[in-house]
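# Architecture at a glance
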Amino acid sequence: MRANSRDRDLRDRAAAVIPGGMFGHQSTRLLPDDYPQFFSRAKGARLWDADGNELLDFMCAYGPNLMGYADDAIDDAYVSRMRQGDTMTGPTGLIVELAEQFTRMVTHADWAIFCKNGGDATQIALMTARAHTGRKTVVLAKGAYHGAAPWCATRPNGVTPEDKANQVFCVYNDIASLEAAVAAAGDDLAAIFAAPMKHDAFTDQVLPDPAYARRARELCDSTGALLVVDDVRAGLRIARDCSWSAVGVQPDLSSWGKCFANGHPISALLGANKAKRAAAQIFTTGSFWYQAAPMAAALETLRRVRETDYLEHMEGLGTRLRDGLAERAAASGFGFRQTGPVTMPLFLFDEDPDLRKGFFWSSQMLKRGVYVHPWHNMFLCAAMTPADIDQALDAAEDSFVALKAQAGSLEPVAKMSFLLA
Ligand code: PMP
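Definitions and limits used
Numbers given to residues run from 1 along each chain, matching the order in which its sequence is written. Local features in a predicted model are, by the rule used here, given only for residues with pLDDT of at least 70; side-chain atom pairs are given and counted only at 80 or more, and totals for whole chains, interfaces and linings are based on all residues. The basis for every side-chain value is the complete set of heavy atoms in the structure, and neither hydrogens nor water enter the calculation. Under the DSSP-based scheme used, a helix requires at least four consecutive residues in state H or I and a strand at least two consecutive residues in state E, with every element numbered from the N terminus. Note on method: radius of gyration uses C-alpha positions; expected globular size equals 2.2 Å times residues raised to 0.38. Residues are treated as being in contact if the distance between any of their heavy atoms lies within 4.5 Å. In this text, near means that some heavy atom of the residue lies within 4 Å of the molecule or strand in question. In protein, a polar contact requires one atom able to donate a hydrogen and another able to accept it; more generally it is a pair of N or O atoms within 3.5 Å, and residues adjacent in sequence count only if both atoms are side-chain atoms. Values of accessible area rely on a 1.4 Å probe in the Shrake-Rupley scheme; residue burial ignores everything except the protein chains shown. We define a nonpolar core as any set of buried Ala, Val, Leu, Ile, Met, Phe, Trp, Tyr and Cys residues linked to one another through side-chain atoms lying within 4.5 Å. The buried label goes to any residue with under 20% of its type's maximum accessible area, the exposed label to any with over 50%, and the partly exposed label to all in between, with areas taken from a 1.4 Å probe on protein chains only. Being paired, for any two strands, means DSSP has found at least two bridges between them. Every axis corresponds to a line fitted to the C-alpha atoms, with the helix fit spanning only the stretch in contact, and the corresponding angles, defined between N-to-C directions, vary from 0 to 180 degrees. Domains are outlined according to an automatic or database domain assignment. By definition, the buried area sums, over both parts, the 1.4 Å-probe accessible area that each loses when the two are put together. The rule for a salt bridge is simple: a side-chain nitrogen of Lys or Arg has to be within 4 Å of a carboxyl oxygen of Asp or Glu.

## Observations concerning the overall build of the chain
Helices and strands together make up the secondary structure of the chain, namely 11 helices and 13 strands. Computed over its C-alpha atoms, the radius of gyration of the chain comes to 22 Å, within 12% of the 22 Å expected for a compact globule of 421 residues. Principal axes of the C-alpha set define a box for the chain whose edges measure 60 × 55 × 45 Å. A separation of at least 24 residues holds for 76% of the contacts in the chain among residues at least 6 apart in sequence.

## Considering the site of the ligand
Lining the immediate surroundings of the ligand are N117, G118, G119, Y145, H146, G147, H199, D230, V232, R233 and K258. Between the ligand and the protein, one listed contact pairs a nitrogen atom with a side-chain N or O atom of D230 at 2.6 Å. Residue K258 places a side-chain N or O atom 3.3 Å away from a nitrogen atom belonging to the ligand. Compared with its free state, where it exposes 390 Å², the ligand has 86% of that area covered by protein.

## Details of the nonpolar core
Within the largest apolar cluster, 60 residues are counted, with the highest numbers of intra-cluster contacts made by F114, I192, L236, W244 and F260. For this core, the element with the most residues is helix α8 (residues 292-307), which contributes 9 residues. Counting 51 residues, the second-largest nonpolar core is a separate cluster that includes L56, F58, A234 and L380.

## Section: the sheet that holds strand β10 (residues 267-271)
Strand order in this open sheet of 7 strands is β4-β10-β9-β8-β7-β5-β6, and the pairing throughout is mixed. Of all strands in the sheet, those with a lone pairing partner are β4 (111-115) and β6 (167-170), marking the two edges. Looking at each pair of strands side by side, their axes are set apart by 20° on average, direction ignored. Here strand β5 (residues 137-141) runs beside β6; their pairing, made up of 4 bridges, is parallel. Bridging from a neighbouring strand, V139 pairs with V168 of β6. Across the face of the sheet, helix α3 (residues 94-105) comes into contact with β4, β9 (253-256) and β10 while running at roughly 125° to β4.

## Notes on the environment of D51
Mapped onto the fold, D51 is located in the loop between β2 (46-49) and β3 (54-57). Reaching out from D51, the side chain makes a polar contact with the backbone nitrogen of D7 at a distance of 2.9 Å.

## Details of the sheet that holds strand β13 (residues 370-371)
If you trace the 4 strands from one edge of the open sheet to the other, you get β1-β2-β3-β13, paired in mixed fashion. Edge strands, defined here as strands with exactly one partner in the open sheet, are β1 (39-43) and β13.

## Observations concerning the pairing of β3
In this structure, β2 lies alongside β3, joined through 3 bridges in antiparallel fashion. Looking across to β3, one finds that R46 is bridged to L56. Counting the residues between successive antiparallel strands, the hairpin from β2 to β3 contains 4 residues, one of them, G52, with a positive phi of roughly 90°. As judged from the 2 bridges shared by β3 and β13, these two strands associate in the parallel manner. The partner of L56 across the bridge, within β13, is V370.

## Side note on the domain arrangement of the chain
The domain architecture assigned to the chain consists of domain 1 (5-62 + 309-420) and domain 2 (72-307). Just the C-alpha atoms count here: the centres of domain 1 and domain 2 sit 28 Å apart. Each side of the interface is counted separately: domain 1 has 29 residues, and domain 2 has 20 residues. Across the interface of domain 1 and domain 2, roughly 1,900 Å² is buried in total on both sides, 55% from carbon and sulfur atoms. Between the two partners, domain 1 and domain 2, sit 3 salt bridges. Salt-bridge contacts for D204 lead to R337; the nearest nitrogen and oxygen are separated by 2.9 Å. Summed over the shared surface of domain 1 and domain 2, the result is 11 residue pairs in polar contact (both at pLDDT 80 or more).

Below is the structure:
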């Protein structure tokens, strides 16, 4: 039995002082009941929950852990900069150096604005596109996540119809539907907002069709709208460039966050020269957006991105994981879908509408010291080793066996019943 008394105690206390016991994407509300809510430390590819249980972590903090948790060189850069002054009356020269380095790495980018969360960057992208075009309407793919601000919030509570005005939706990778959405925007199209791939929760991930990406580019060019790629989640796990460079399409704006300072708080909007005037005209800011320490961490992370084989290493491990899981799932007779790039996998079982198989299997993995997610895409990090992948495969083999023994008698997952509606 895994110890969980500290986690349970913290949950009880949190219920009194934190709305819902925990808010946002790090709430365990929609995870199996035995998943820990609280953690105490992390190093490399591993984290320890509040009760001290060690876990090989395939969530990587929902993306920010790229090079390994508590990476010595990146954290040294952070700490030593922090000791010299972090939030000050103005930025340090690191902001210029980081803008130079980042724009050199990302083909379409000529300038950068730094902020804190991915949602800041997507919001600035929207404002820049509206300022650039003098128009209001944005085309988005149905189900794509761009943050939690009212304009893109995924729940209706606390959001007005006006917050969500001037939006037209299309189906990802469906060119006819993209064209129809652009036509519906008429002469008011400010931007097409594109996810680098379909990485929505609860459903198979889908890579971008290059023809769809090219059509989005053409439609922006013919209407004068800006093409935005939201690389907050996928950035640096598909390419050392904007993720759509892999399909040969350059956007005008790209939003970045999560991992480019390996977990330290910084995000960015990168843009092409044509949108620079508009970006200079909008007012966007935050008390902590000029912090020097996350910029020092970002410079060290980007150096590693440029100078090491971190991406090829993660791809090799991802392939080993994908092939190994496919083999083990087939041997135990389960239809087990693994979608998305190998560095950002998502697992779903066939014939599992309320995820009862996925929940049971994920809990079995957790019992064996491996943290996987039953309905959100996961992330590999560069600190993982072939031995880590083999540990995950061993755990998976046993978990498939355990699932097979139980499959006929699994209870419905009440918290997932909304999926059946
Ligand atoms: N865009 C995408 C594609 C994301 O995945 C996320 C976060 N999961 C965001 C934007 C928002 O980022 P943040 O939570 O840092 O505001």
